[in-house]
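What the coordinates show
If you want the building blocks of each chain, they are given just below.
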Amino acid sequence: MRIVENLLRVSIDYGKDMTRSRIPSLDGLRAVAIAFVLLGHLRGTRGFPDSDLEYWLGNYSNLGVLVFFVISGYLITTLLIQEQANTGRISLRLFYARRAIRIFPAYYAFLAVVVAASALEWIQLHRFDLITAATYTVNYYADRSWYVGHLWSLAVEEQFYLLWPLTLKLLGIRRGMWVAAAMFVASPITVGAMRVLIKSDLRDLPIFPAVAGGLAVGCLLAGFRPWLWTQRWYLWLLDSYLMLTLPAVIILLNRTRSSTVGAVFGEPIIYVCIALTMDSCIRNYGNAIGRALNSRPLVMIGVLSYSIYLWQQLFLNRYSSSPWAEFPVNIFAAMAVACVSYFAFEQPLMKLRTRFKAVHKSAKEDAGGR
C-alpha cells in the first residue's frame, strides 16, 4: 500500500513540476520503450501466451533500447547546453557526480544480488560476467549470460556519459555537434564493416561506435532544435498528420534490422523517425497522444523505467524453470523489486543530488563574491 501511495505521489509531483522543469512526454516515451523491452523478454517465458508480435514488430525489445538511446542523447545534451547558457561553462565534476548518484547505487545493488544468487547457486554466470558488468564494458563481451546480458545498453550509456560532456567542454557546443554528426554517420559504417568482415558472434557485438547512432541523433536534435523551431516547414511537419505514419515506418524498418542492409540503412532512419516522433510529442503534449503520454500511469512507469530495466532480467527469463520466472508472477515480481529499488536507493539519493547541486551553486556564488 505504501508503494502505491508513493507512486501516486510521484505522478502528482510530476504533474505539478512538468511545466517548470521536466520535459513533457519524455516519461511517457520511456514507458513505451520499457514496455517494448518487457514484451520482448516475456516472450517465451512459461505461461506467457504465444504471439506473432516478433513477426510483425521485429526485435521489439531492442527497439525499446533504441528509443532509450535517442531520449538519453537528447536529454543529456539539452541539460548540458542549458548549463552552458546559464553559467557560461560545463562542470564535468557536477555532471559526473549527478550521474554517479543517480545510477551507481541501484546498479551495484543489482550486481550484489547477482553475486549472492550465484554464490547460492540459484543462477549460473559466465566467466567474465561480473568484471565486465562492474566496469561497464559488457557491450564488448560476447559470451555474457542472460542475467547480465541486458547491461550492454547501460554500458553504452555510461560510455556516452563519460565521453560526451568532455567533448562539449573541450570543443564547444557548435563543434560538438560536428562530432555527433560524425558519430551518426560512423555508426552504420561500423555495423556494415563488422557484418561483412567478421564471421563469428562478434559481428553483432554492440560496441560503442556501432550503436551510438541513436545517442548521436538525440544530441543533434537537442543542438539544432532552437533553430528548427524557428522554421515554419519543421513546425508544420511536427504538427501534421504525417507524424502518425512514423511509428509504422519505425516498425517496418525494425523488421529488417537482422539483415545487413536493414542494419546499415534502415537503423539510421529509425533513429531519425524516433527523434521526430519524440519532438512532436514534446511540442504537442496537449493533444490526445500527448495527454496519454503524460497520464499518471505512463508517467509512473516512465519514472520507474531505469529500475524496471535493471531488475527485470532476473525474472523475465525464458530459460528458467523457477516459479518466479513464470508469467504472470515474473512481471509482478520484476515490478515489485523495481519499486523497492526506486524508493530504497534511487529516490533518496536523487534528493541528495539536488542538495549537492544547491551546495555546489552556493559555494560557487560565495567564491564569486569574494
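Residues numbered from 1 in each chain as written. Predicted model: local features only at pLDDT ≥ 70, side-chain atom pairs only at ≥ 80, totals over all residues. Heavy atoms only, no water.

1. Quick look at the overall build of the chain
Of regular secondary structure, the chain possesses 17 helices and zero strands. When the 370 residues of the chain are sorted by exposure, 52% land in the buried category. Counting only carbon and sulfur atoms, one obtains 66% of the accessible surface of the chain, whose full area is about 18500 Å². (Helix = DSSP H or I, 4+ residues; strand = E, 2+ residues; numbered from the N terminus. Buried < 20%, exposed > 50% of the residue type's maximum accessible area, 1.4 Å probe, protein only. Areas by Shrake-Rupley, 256 points an atom, 1.4 Å probe, with all protein chains shown as cover.)

2. Remarks on the packing of aromatic side chains
Inspection of every chain in the model, using the stated rule, returns 17 aromatic pairs. Centroid distance Phe 104 to Tyr 136: 5.9 Å. Interplanar angle 35°. Geometry classified as tilted. Placement of the pair is Phe 104 in helix H5 (residues 92–119) and Tyr 136 in the loop between helix H6 (129–134) and helix H7 (146–149), with a sequence separation of 32 residues. Phe 104 sits in the partly exposed class, given a relative accessible area of 28%. (Phe/Tyr/Trp six-rings, centres within 6.5 Å; stacked < 30°, edge-to-face > 60°.)

3. A look at the nonpolar core
If you look at the biggest cluster of nonpolar residues, it comprises 104 residues, and the most contacted ones within it are Tyr 107, Leu 151, Trp 164, Met 278 and Leu 310. With 14 residues, the single largest contributor to this core is helix H8 (residues 151–197). (Core = buried A, V, L, I, M, F, W, Y, C linked by side-chain atoms within 4.5 Å.)

4. Let's talk about unusual backbone geometry
In this structure, the amide linkage connecting Phe 327 to the following residue, Pro 328, adopts the cis form with an omega of 5°. Considering the arrangement of structural elements, one finds Pro 328 in the loop between helix H16 (305–311) and helix H17 (329–369). The backbone of Ser 25 sits at a positive phi, close to 80°, despite the residue not being glycine. With respect to the element layout, Ser 25 can be found in the loop between helix H1 (2–17) and helix H2 (26–42). Non-glycine residue Glu 121 carries a positive phi angle of around 65°. Topologically, Glu 121 is positioned in the loop between H5 and H6.

5. What about helix H10 (residues 213–228)?
The largest bend in H10 amounts to roughly 35° and is located at Ala 222, with the proline Pro 226 lying one to four residues further along. For H10, the buried fraction is high: twelve of the 16 residues fall into the buried class. Considered for burial, the residues of H10 that qualify are Gly 213, Gly 214, Leu 215, Ala 216, Val 217, Gly 218, Cys 219, Leu 220, Leu 221, Ala 222, Arg 225 and Leu 228. On its buried face, H10 sits against helix H4 (60–87), H8, helix H9 (208–211), helix H11 (232–239) and helix H13 (260–283). (Bend = angle between axes of the 7 residues up to and from the residue. Contact = heavy atoms within 4.5 Å.)

6. Structural notes on H11
Within H11, the full set of buried residues consists of Tyr 234, Leu 235, Leu 237 and Leu 238. For H11, the angular spread of buried residues about the axis comes to 155°, placing them on one side. Exposed residues pointing more than 90 degrees away from the buried face of H11 are listed as Arg 232, Trp 233 and Trp 236. Buried residues along H11 sit against H10 and H13. (Arc of directions from axis to C-beta.)

7. Overview of the pattern of salt bridges
All told, the structure shown has eight salt bridges when counted by the stated rule. Notably, a salt bridge pairs Asp 27 with Arg 30, separated by 2.8 Å at the nearest N-O pair. With Asp 27 and Arg 30 both in helix H2 and three residues apart, the pair spans about one turn of that helix. For Arg 195, the salt bridge goes to Asp 204, with nearest N and O atoms at 2.7 Å. One salt-bridge network, in which partners are shared between bridges, spans Arg 22, Asp 27 and Arg 30. (Salt bridge = Lys/Arg side-chain N within 4 Å of Asp/Glu carboxyl O.)

8. Describing the confidence of the model for the chain
When pLDDT is averaged along the chain, the result is 87; 87% of the residues meet or exceed 70. When mean pLDDT is compared element by element in the chain, H10 scores highest at 97, while H1 scores lowest at 41. Across residues 3–20 the pLDDT falls below 50, and counting only partners more than four positions away or on other chains, this stretch makes 28 contacts in the model. (pLDDT = per-residue confidence, 0-100.)

9. Some thoughts on a nonpolar patch on the surface
On the surface, Leu 166, Leu 170, Leu 171 and Val 179 cluster together into a nonpolar patch covering about 310 Å² of accessible area. With respect to the secondary-structure elements, Leu 170 resides in helix H8. On the accessibility criterion, Leu 170 (63% relative accessible area) is exposed. (Patch = residues over 30% accessible without salt bridge, like charges linked within 9 Å, V, L, I, M, F, W, Y side chains within 5 Å.)

10. As for the packing of H10 against H13
At a closest axis distance of 9 Å, the pairing of H10 and H13 adopts a crossing angle of 40°. Of the possible angle classes, the one that applies to H10 and H13 is oblique. Relative to H13, H10 is oriented so that their crossing is right-handed. Of the residues in H13, those in contact with Gly 213, Gly 214, Val 217, Leu 221 and Arg 225 of H10 are Tyr 271, Val 272, Ala 275, Met 278, Asp 279 and Ile 282. For the contact of H10 with H13, a count of residues per class yields seven nonpolar, two polar and two charged. (Axes fitted to C-alpha atoms, helices over the stretch in contact; angles between N-to-C directions. Parallel < 35°, antiparallel > 145°, perpendicular 65-115°, else oblique. Left-handed = near helix turned anticlockwise from the far one by under 90°. Nonpolar A, V, L, I, M, F, W, Y, C, P; charged D, E, K, R; others polar.)

11. Focus: the environment of Leu 316
On the secondary structure map, Leu 316 appears in the loop between H16 and H17. Accessibility expressed as a relative area gives 0% for Leu 316, which makes it buried. In sequence terms Leu 316 and Asn 330 are 14 residues apart; their C-alpha atoms lie 5.8 Å from each other. Leu 316 has contacts with Leu 38, His 41, Leu 42, Thr 45, Trp 146, Asn 330, Ile 331 and Ala 334, leaving out every residue within four places of it along the chain.

12. Quick notes on the packing of H2 against H4
The relative placement of two packed helices comes down to the angle between their axes together with the axis-to-axis distance. Relative orientation of the contacting elements H2 and H4 amounts to 155°, with a least axis distance of 7 Å. Between H2 and H4, the interaxial angle falls into the category roughly antiparallel. In the packing of H2 onto H4, the handedness of the crossing is left-handed. Of the residues in H4, those touching H2 at Leu 26, Leu 29, Arg 30, Ala 33, Ile 34, Phe 36, Val 37, Leu 39, Gly 40 and His 41 are Tyr 60, Ser 61, Leu 63, Gly 64, Val 65, Val 67, Phe 68, Ile 71, Tyr 74 and Leu 75. Of the residues belonging to the contact of H2 with H4, the class tally is 15 nonpolar, four polar and one charged.

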